[in-house]
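Chain by chain, the residues run as shown.
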4 protein chains.
Amino acid sequence: MILQMICPDRPGLVSELAGWVAANGGNIRHADHHTDAGAGLFLSRIEWDLDGFGLSRAALPEAAAALEQRLNGQAQLHFSDAMPRVAIFASKQAHCLQDLLWRVQSGELPMQVPLVIANHPDLEPLCAGFGVCFVCVPVAKATKPEAEQRMLELLAENRIELAVLAKYMQVLSGDFLQRFPDVINIHHSFLPAFKGAQPYHRAWERGVKLIGATAHYVTEDLDDGPIIEQTTVPVSHRDDVDDLIRKGRDTERLALARALRMHLHRQVMVYRGRTAVFA
Amino acid sequence: MILQMICPDRPGLVSELAGWVAANGGNIRHADHHTDAGAGLFLSRIEWDLDGFGLSRAALPEAAAALEQRLNGQAQLHFSDAMPRVAIFASKQAHCLQDLLWRVQSGELPMQVPLVIANHPDLEPLCAGFGVCFVCVPVAKATKPEAEQRMLELLAENRIELAVLAKYMQVLSGDFLQRFPDVINIHHSFLPAFKGAQPYHRAWERGVKLIGATAHYVTEDLDDGPIIEQTTVPVSHRDDVDDLIRKGRDTERLALARALRMHLHRQVMVYRGRTAVFA
Amino acid sequence: MILQMICPDRPGLVSELAGWVAANGGNIRHADHHTDAGAGLFLSRIEWDLDGFGLSRAALPEAAAALEQRLNGQAQLHFSDAMPRVAIFASKQAHCLQDLLWRVQSGELPMQVPLVIANHPDLEPLCAGFGVCFVCVPVAKATKPEAEQRMLELLAENRIELAVLAKYMQVLSGDFLQRFPDVINIHHSFLPAFKGAQPYHRAWERGVKLIGATAHYVTEDLDDGPIIEQTTVPVSHRDDVDDLIRKGRDTERLALARALRMHLHRQVMVYRGRTAVFA
Amino acid sequence: MILQMICPDRPGLVSELAGWVAANGGNIRHADHHTDAGAGLFLSRIEWDLDGFGLSRAALPEAAAALEQRLNGQAQLHFSDAMPRVAIFASKQAHCLQDLLWRVQSGELPMQVPLVIANHPDLEPLCAGFGVCFVCVPVAKATKPEAEQRMLELLAENRIELAVLAKYMQVLSGDFLQRFPDVINIHHSFLPAFKGAQPYHRAWERGVKLIGATAHYVTEDLDDGPIIEQTTVPVSHRDDVDDLIRKGRDTERLALARALRMHLHRQVMVYRGRTAVFA
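Chain A is annotated in an unreviewed UniProt entry as Formyltetrahydrofolate deformylase of Parasynechococcus marenigrum. The record held by UniProt for chain A lists under Pathway (unreviewed entry) the comment "Purine metabolism; IMP biosynthesis via de novo pathway; formate from 10-formyl-5,6,7,8-tetrahydrofolate: step 1/1." For the record of chain A, the UniProt heading Sequence similarities (unreviewed entry) holds the text "Belongs to the PurU family."

See below:
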């Protein structure tokens, strides 16, 4: 059982939350807290064994609401054994999609993938090899609203809780994000450097000595969403743009997989455009 | 105020400790816990503001003893504003000593250095430049017991609480360590590789592609003490032994400074030959 | 075209080799050299365009032999467009095998994989998905000589030039290695730490703060072969042995893939139990 | 002896340069080349022993000029035993200056420091401790031209060949740089992220998970000069701006020291706003 709580800071909160878990018979396995003094906010993540916990699943929403009211904050309760339904979005590049599907198959990522959506047909065989349903939804400028509508229907039909953009080379509209806000993306630069298109080309032109990747939550402001994880890899004058792209694939795969794993274990809390990552 | 507690694991401990702080009027700023399931142990580090805390300094030892008895564990209470008296041991190499003295001077390391002990006179001018007392205690095989006796006296006279071996190229005897157990060392390899003498020479011979440094608590078993921090740096066939030594200096400096800083902030807890580092 | 030359050091060698390439109409794209002063050896790797090069493929062996005689050294000539036939050995763990097959498929590794050999049947479906021939050769203590004989026959029948041990949990005998010496292995520790079995378990017990992986050429002395590439990843007290194994998979994959890529690009030269890596 | 040559690419250049060294009796110790296909440029760095080299020091300029004419390029010849005269510029922060002075003193950096220039008086005692001449040249908006004039005179009087900005918090004017172009700077972000002022504050606001430092040659376009070296260090939500500044100090020190060392060993070649670093 995992509780994520965010509320105004005041003395006694750790004691109050830990006391609430203990009073209901929960044995705390991990507890981590953070106070943002500037924002006056207290963030907490507490994980405890479901075994022996006194509240039934049915009673949890009400209990969480009571906590929220008492602390004037926002609480989320998650079951540690949950396997959220996640859709992966892709375009033509295989590496991130392939990596995620393999990690799901090998048990590294506690999630189900009922659906892969792509705007190109290239990756269908890869999905077939993993036994994962693949739907191609082409996107053109003129048809983008219809395409997004179709994707939203697919997400709804498949009861998808989270979308992961695994090198999906399309920008999701603000309208889409309002209707389906839980989206993680991998950007191929150490943001905020090289926001926007073709970061590797621009990194080569600038002559940087390291390239990077950034996994972040998607917001309407392109490449400005809360950052979850960043990785870098050294490059040199010997590397041309193709080498940067090749080296970047490994760092993209790792950054996305790590970010997604932390998200799934509910180690990431978002507030004020930033994340606290209780890893 | 920082509490470090280690005790047998059982439900309710987080709540109990946080409740104890809250009951005495303490506002928790950081709290971190770890359960070692195999060992059946619970480790906790809680930090709170001294402002408004209800127990006087004089009342603390008794309060800690009561906590220990209740939880059948070991508690340590530290004042966040403490500036422990630390002796640095060195030989001929300047880099770690110089780095630590500079960090103390610039306020990075919350400690005082009343004393530097060295078995060679070379580093006296460096210490003079920082206004730090330098005592040369030569060590030869035949005179080692007397030398260690002299050093123990110096530590006692100067009320030293911690000794840091900053490239001190002598082995402290078991007898010394029994009488003065709080010692941190920097070893110039990624332990357990290249235990013992001349790790860079042996690293070169083995043809490794990375070298490292390990900061650890000193125990009687040479290079087997609990590890606090490890760092590595890439090397190549172009690097000869002198290059390894040069590159190693930077990674040694960083590993030792980081380990010492975490120790001074009471972020390190030792149990069963290992450390939990609440960084 | 790539020339690897190793010979006794003397003045004029760079000029002599570059002159030889130029005299035959080759345009040098990369040239890298290393002198091991202690060993008195000169190592050189020169890469040039095949376009316009005056020697025919048929004339190359004789030309190389002439160079060897003149410089009293050992020369190897490789075609940059070669796609060597590589066999991958595995056991039950999929991650390295899967990663290599995917990199071959995506064009990252210039090699063919006509054959995967495993001592367990588990990975057959994975190979089938990539359209790669899989042969299970079980190994038991009593049958090891026959098993190795069978594997040598498979390597010969398939004209295999290099074997890659991708988490193959068996030790190849000295006899095997004498008959098939070109073998690369991935060991799951930063050698020479944790040589031998169960490095992650022993790393956990020792309480290290980083774990690693080492790709190396295989020799009869277990885990003592020339090191090609090493990587590390930080771990903490929060990681149990399973976490170390999970985190290790990523670093193993990367170390093996990088080492193999450099080997295939003929960037690695072995001498005196060490490697020079012209990356 | 080190030759740096940059010229239009054509076949035979490696042979021609190596042949020139050999013809004059030089024994090449290192040779490294790079071809930028897009730019059509060939870059070469060759290092050889001065012992036995047939050209006298006096004859070298003419020899270099002849080479330049023959290859239609730019050649630089450096003596490996040179100890260039370097001025360090600083403001109030000690860490980079202190680190460089210590490395010079310990023989890590082959250079002399006849002069430290600062726009504040704070670091005078530090320089005095190292026996280095310190001149305070305050800079105000109105007096900047005079201040720069004074600094140029100081550089000239002291026959300075290179200026290193070690956290010098003033922008040098284009006029200054035209008259003294050889300047290396350390910027406290992984450029091009957080160009301009207060990068750590902006990094905190953006919520990045790594911070960095960039050592680069200074050009009139602020923070856009050719990058020599970049380093990064992980940060988390626990780090406030002061933590970023503290962690950044270590990565700044390392990036600047490494860049400067490579520059002094003539391993860095600049072309088209980029560097080739033959490390």
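Resuming the write-up.
A. Quick look at the relation of the copies chain D and chain A. Each copy superposes on the other: chain D lies on chain A with an RMSD of 0.0 Å after a rotation of 180° and an axial shift of 0.0 Å. Interpreted geometrically, this transformation is the action of a two-fold axis. Residue Ala-193 of chain D, judged by its C-alpha, is the member of chain D lying nearest the rotation axis, at 2.2 Å.

B. View of the relation of the copies chain C and chain B. Under the fitted operation, chain C is carried onto chain B by 0.0 Å of movement along the axis and a turn of 180°, and the coordinates agree to an RMSD of 0.0 Å. A share of 100% of interface residues in chain C that are also interface residues in chain B marks the association as one of identical surfaces.

C. Seen up close, the packing of helix α3 (residues 95–105) of chain A against helix α8 (residues 241–264) of chain A. Residue and element names in this part refer to chain A. In contact at an axis separation of 9 Å, α3 and α8 are set at 45° when each is read in the N-to-C sense. Between α3 and α8, the crossing angle belongs to the class labelled oblique. The handedness of the crossing between α3 and α8 is right-handed. Residues His-95, Cys-96, Gln-98, Asp-99, Leu-100 and Arg-103 of α3 form the contact with α8, whose participating residues are Arg-249, Glu-252, Arg-253, Leu-254, Leu-256, Ala-257 and Leu-260. Here the contact of α3 with α8 is built from residues that sort into six nonpolar, two polar and five charged.

D. The arrangement of the side chain of His-95 of chain A in detail. With respect to the helices and strands, His-95 of chain A occurs in helix α3. A polar contact is formed between the side chain of His-95 of chain A and the side chain of Glu-252 of chain A, at a distance of 2.7 Å. Excluding anything up to four places from it in sequence, His-95 of chain A contacts Lys-167, Arg-249, Glu-252 and Arg-253 of chain A together with Trp-102 of chain C.

E. Quick look at the interface of chain C and chain B. Opposite the 32 residues of chain C that make contact, chain B presents 32 residues. Interface area for chain C against chain B, summed over the two sides, is near 2700 Å², with a carbon-plus-sulfur share of 51%. Of all residues in chain C, Arg-206, His-237 and Arg-274 of chain C give up the largest surface area on contact with chain B, accounting jointly for 28% of the area buried on that side. If you look at where chain C meets chain B, you find four salt bridges. Here Arg-206 of chain C makes a salt bridge to Asp-224 of chain B, at a shortest N to O gap of 4.0 Å. Applying the counting criterion to the chain C and chain B interface returns 18 residue pairs in polar contact (both at pLDDT 80 or more).

F. Representation of the interface of chain D and chain A. On the chain A side, the residues contacting the 32 residues of chain D number 32 residues. Together, the buried faces of chain D and chain A total about 2700 Å²; carbon and sulfur atoms form 52% of this surface. When the buried surface of chain D facing chain A is broken down by residue, Arg-206, His-237 and Arg-274 of chain D rank first, second and third, together holding 28% of it. Run the count over chain D and chain A and you get four salt bridges. Taken together, the connections running from chain D to chain A amount to 21 residue pairs in polar contact (both at pLDDT 80 or more). Counting residues per element, the ones that place at least two in the side of chain D that touches chain A are β2 (28–36), α7 (199–206), β11 (227–234) and β13 (274–277) of chain D. Element by element, the count of residues in the side of chain D that touches chain A is highest for β11 of chain D, at six residues. Of the residues that constitute the side of chain D that touches chain A, the class distribution is 13 nonpolar, nine polar and ten charged.

What counts as what
Residues numbered from 1 in each chain as written. Chains lettered and ligands numbered in written order. Predicted model: local features only at pLDDT ≥ 70, side-chain atom pairs only at ≥ 80, totals over all residues. Heavy atoms only, no water. UniProt positions renumbered as here; feature names shortened; annotations may be inferred. Least-squares fit on C-alpha atoms with pLDDT ≥ 70 in both. Contact = heavy atoms within 4.5 Å. Axes fitted to C-alpha atoms, helices over the stretch in contact; angles between N-to-C directions. Helix = DSSP H or I, 4+ residues; strand = E, 2+ residues; numbered from the N terminus. Parallel < 35°, antiparallel > 145°, perpendicular 65-115°, else oblique. Left-handed = near helix turned anticlockwise from the far one by under 90°. Nonpolar A, V, L, I, M, F, W, Y, C, P; charged D, E, K, R; others polar. Polar contact = N/O pair within 3.5 Å; in protein donor to acceptor, adjacent residues only side chain to side chain. Buried area = accessible area lost by both parts, 1.4 Å probe. Salt bridge = Lys/Arg side-chain N within 4 Å of Asp/Glu carboxyl O.

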